[in-house]
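Structural overview for review
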Amino acid sequence: MPHVVTDNCQRCRFTECVVTCPTACFHGDADMLYIDSVACIDCAACVTACPVRAIYELTDLPEDKAHWGPINAERAMILPIVDHKQEPLSTANARRTELGY
Amino acid sequence: MHTLGTELNPLRIAIVGSGPSGFYAAEELLKSSMAVSVDMIDRLPSPFGLVRSGVAPDHPKLKMPIVVFDKVAQMPGFSFHGNVTVGQDISVEALQKTHHAVIFTCGAQTDRKLGVPGEALAGSHTATEFVGWYNGHPDYRHLNFDLSQEVAVIIGQGNVAADVARALSKSVDELRTTDMAEHAIEALAKSRVREIHIIGRRGPAQAKFTNKELKELGELTGCSAEINSGGIVLNDESLVEIESKTNFIAAKNVEIMRSWTQNAATNGNKRIVFHFQQSPVKLVGTDRVQQIILEKNNLKGPAFDQQAYGTDEQEILNCGLVFRSIGYRGVPIPGVPFDEKKGTFPNSAGRINNARGLYTAGWIKRGPSGIIGTNRADALETVATLLGDLESLERDPKPGFSAHFSTLENSKVKVVSYQGWQRIDAEERRRGELKGKPREKITDIAEMLSIAS
Ligand SMILES: Cc1cc2nc3c(=O)[nH]c(=O)nc-3n(C[C@H](O)[C@H](O)[C@H](O)COP(=O)(O)OP(=O)(O)OC[C@H]3O[C@@H](n4cnc5c(N)ncnc54)[C@H](O)[C@@H]3O)c2cc1C
């Protein structure tokens, strides 16, 4: 099952994950990243690259994050690919601390 | 003189090795704003490195990066030169004369040794040999594995060990529809292996499996995953480790293994049995391996840095096959600095130390860790370093790899182009289709060469 970016990415957007993706699955808007559920090959390289554990395999999604599955699929279709590292959001480090990572 | 990186003086880069790190480096170079020409060289007639010859046949989705690599190969400025071994058919020095820089992405081509008596007995193999054999790597196609044995032992607890365990435990009907080489399917069809022991020198919290690969071992049909009588025991430091928020992979592994502690052999099932905190001290047998002597280990040291120390308490495990899967090492290439201890090319951010114009990425750069995608991040770093060094590279126009064609021809080296590989690829797919599998790999170099030309 494909992998999914969840709300921990918001106010962070570290983009450490995008360079580890072997099939350029990440798409992004100004808030966060989303995974193209068709292109994702489920290698999980991104899961450990994310410093705030925003990424889960669809089948492992905690219940309260289940809605992120369809959101990723929809958003990735219309947003541009992000395959190179970008500056994290200015709130990233504060958010990371808040999340306990 | 024309500026380096422009149409009349393109930046000419030789990339040695066509695995993931080579292809991701090539893509990054060819997508840069400069005029770049990439000559990718591989010792095999086929490209893609371990994505073709390592990734397990029953994991076809994980081979999808090949679609990306194939697109890179179609980009203007890209050429593939297969069947050329750098350091043997052509020297590094010769490549430096025809290119502005050389990037080594040649992987970790050999195994780490156990260093225990009996390691060389018949029936004792490296995981590399077994994986290369079932994946149709030309170097390993002639090997024989005595699959009439009932008990196999795998040393090491990472994803490669899991791949070997699946190949030994899946039914041949499950394997027939994969791209596993025909010779391996035939041999495995007669396999009598019933019991597979997977030995780790440290504990369940330190096992290197990724969650998906571990979980899969508990979901095989006709095979049960079990924890040996030692059970899942975690010392205080290991508890600290799995409770750490960032160490969730290990925590999940432990959870998966805990769910197996009640599993026991059921009639007719094959068994995969996990052993922890044990190290092999000796392989014993007259003509071939018959036993492995394991020593119990204690873990010592702070959380996240616990090491295994032998206790002298020994256990004998009867077995007829041993596979060592304890890691890989790079091999040196004449003309390139080599770190004997790590088995890598010493570098900073991909620039090989004390060597102008030599760069490295992938397993030969950082050691054999990480998965396919890890090599993309790694290759991007190297290309950024290289492009930042442009001022210090030779700036004269270079002829590229075609300058070596006549020399190679004179020494009877048949170079395989990407078109040549595409012919091999088409023939493999055609042969596969006849058998209901994605491809039947051609494993004989001479045959590959004749199809390519
Ligand atoms: C058994 C196994 C299974 C794996 N399964 C997975 C998996 O399921 N998913 C995943 O993401 N990762 C997997 N990996 C990890 C992944 O394969 C590696 O991370 C990756 O292939 C390393 O890339 P590389 O480019 O550094 O080296 P390689 O892929 O090893 O490529 C090196 C290339 O260099 C060539 N070469 C070597 N020496 C020379 C020379 N002197 N001249 C010319 N060419 C040369 C070789 O022929 C080879 O093509 C697996 C690894 C192994 C060993």
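Residues numbered from 1 in each chain as written. Chains lettered and ligands numbered in written order. Predicted model: local features only at pLDDT ≥ 70, side-chain atom pairs only at ≥ 80, totals over all residues. Heavy atoms only, no water.

A look at the overall build of chain B
Broken down by element type, chain B carries 16 helices and 18 strands. In terms of overall size, chain B behaves like a compact globule, its C-alpha atoms giving a radius of gyration of 23 Å where 453 residues would be expected to give roughly 22 Å. Taken along the three principal axes of its C-alpha coordinates, chain B extends 75 × 55 × 40 Å. Pairs at least 24 residues apart make up 75% of the contacts formed inside chain B by residues separated by at least 6 positions. When the accessible surface of chain B is summed, it comes to about 19400 Å², and 50% of that surface belongs to carbon and sulfur atoms. (Helix = DSSP H or I, 4+ residues; strand = E, 2+ residues; numbered from the N terminus. Rg over C-alpha atoms; globule rule 2.2 N^0.38 Å. Contact = heavy atoms within 4.5 Å. Areas by Shrake-Rupley, 256 points an atom, 1.4 Å probe, with all protein chains shown as cover.)

Quick word on the overall build of chain A
Counting its secondary structure elements, chain A contains 3 helices and 4 strands. Starting at the N terminus and walking to the C terminus, you meet the elements of chain A as β-β-β-α-β-α-α. Relative to its length of 101 residues, chain A is compact, with a C-alpha radius of gyration of 12 Å against a globular reference of 13 Å. Taking the principal axes of the C-alpha coordinates as reference, chain A spans close to 35 × 30 × 20 Å. A burial count over chain A gives 50% of its 101 residues as buried. Of the contacts formed within chain A by residues at least 6 apart in sequence, a portion of 76% connects residues at least 24 apart. Counting every atom, chain A has about 4600 Å² of accessible surface; 55% of that belongs to carbon and sulfur. Taken as two groups, the 8 positive and 14 negative side-chain charges of chain A have centres that lie 7 Å from each other. (Buried < 20%, exposed > 50% of the residue type's maximum accessible area, 1.4 Å probe, protein only. Lys, Arg positive; Asp, Glu negative; His and termini not counted. Charge placed at Lys NZ, Arg CZ, Asp CG, Glu CD.)

A closer look at the domain arrangement of chain B
Residues and elements named next belong to chain B. The domain boundaries assigned to chain B delineate domain 1 (11–109 + 329–416) and domain 2 (113–326). Summarising the inter-unit geometry, the C-alpha centres of domain 1 and domain 2 are found 33 Å apart. Here domain 1 packs against domain 2, burying approximately 1100 Å² in sum over the two surfaces, 48% of which is carbon and sulfur. Broken down residue by residue, the surface that domain 1 buries against domain 2 is led by Ser-53, Pro-57 and Asp-58, which jointly contribute 44%. In this structure, the connection of domain 1 to domain 2 is made through 4 salt bridges. With a shortest N-O distance of 2.7 Å, Arg-166 and Asp-58 are connected by a salt bridge. Where domain 1 meets domain 2, there are 9 residue pairs in polar contact (both at pLDDT 80 or more). Among the residues forming the side of domain 1 that touches domain 2, the class breakdown is 5 nonpolar, 3 polar and 4 charged. (Domains from an automatic or database assignment. Buried area = accessible area lost by both parts, 1.4 Å probe. Salt bridge = Lys/Arg side-chain N within 4 Å of Asp/Glu carboxyl O. Polar contact = N/O pair within 3.5 Å; in protein donor to acceptor, adjacent residues only side chain to side chain. Nonpolar A, V, L, I, M, F, W, Y, C, P; charged D, E, K, R; others polar.)

Comments concerning the interface of chain B and chain A
The interface is formed by 20 residues belonging to chain B together with 23 residues belonging to chain A. Summing the contributions of chain B and of chain A, the shared interface buries around 1700 Å²; its carbon and sulfur component is 60%. Taken together, the connections running from chain B to chain A amount to 4 salt bridges. Taken together, the links from chain B to chain A amount to 8 residue pairs in polar contact (both at pLDDT 80 or more). Among the elements of the structure, helix 1 (20–30), helix 3 (65–73), helix 11 (248–258) and helix 13 (374–388) of chain B are those that each provide at least two residues to the side of chain B that touches chain A. In terms of residue count, the dominant contributor to the side of chain B that touches chain A is helix 13 of chain B (4 residues). Tallied by class, residues from the side of chain B that touches chain A come to 11 nonpolar, 3 polar and 6 charged.

Concerning the pattern of salt bridges
As enumerated under the stated definition, the model contains 40 salt bridges over all chains in all. Of the charged contacts, one joins A:Glu16 and A:Lys85 as a salt bridge, the two residues approaching to 3.6 Å between their closest N and O atoms. Within this pair, whereas A:Glu16 is found in the loop between strand 1 (3–5) and strand 2 (26–28), its partner A:Lys85 is found in the loop between helix 2 (68–78) and helix 3 (92–99), the two being separated by 69 residues in sequence. Classification of A:Glu16 as partly exposed rests on a relative accessible area of 32%. Residue B:Glu195 is joined to B:Arg271 by a salt bridge in which the shortest nitrogen-to-oxygen separation is 3.7 Å. With B:Glu195 in strand 8 (residues 195–199) and B:Arg271 in strand 10 (residues 270–275), the pair connects residues that are 76 residues apart, well separated along the chain. Under the relative-accessibility criterion, B:Arg271 is labelled partly exposed at 23%.

Quick word on the site of the ligand
All names here are of chain B. Of all residues adjacent to the ligand, which total 32 residues, the nearest are Ser-21, Asp-42, Leu-50, Trp-363 and Ile-372. One nitrogen or oxygen atom from the main chain of Gly-370 is found 3.2 Å from an oxygen atom belonging to the ligand. Separating an oxygen atom of the ligand from a side-chain N or O atom of Asn-375 is a distance of 3.0 Å. When contributions to the shell around the ligand are tallied by element, the ones reaching two or more residues are helix 1, strand 2 (36–42), helix 2 (49–53) and helix 6 (159–169). Classifying every residue of the shell around the ligand by side-chain character gives 16 nonpolar, 13 polar and 3 charged. Split by domain, the shell around the ligand shows at least three residues from each of two domains, domain 1 (11–109 + 329–416) and domain 2 (113–326). (Near = heavy atom within 4 Å.)

Some thoughts on the pairing of strand 9 (residues 223–227) of chain B
Residues and elements named next belong to chain B. Of all the 5 residues making up strand 9, 5 are buried; the element is thus mostly covered by neighbouring parts of the structure. On strand 9, burial covers both faces: Cys-223, Ala-225 and Ile-227 on one face and Ser-224 and Glu-226 on the other are all buried. Sheet topology places strand 9 next to strand 10; 5 bridges connect them, and they run parallel. What sits directly across from Ile-227, in strand 10, is Phe-274. (Pairing = 2+ DSSP bridges.)

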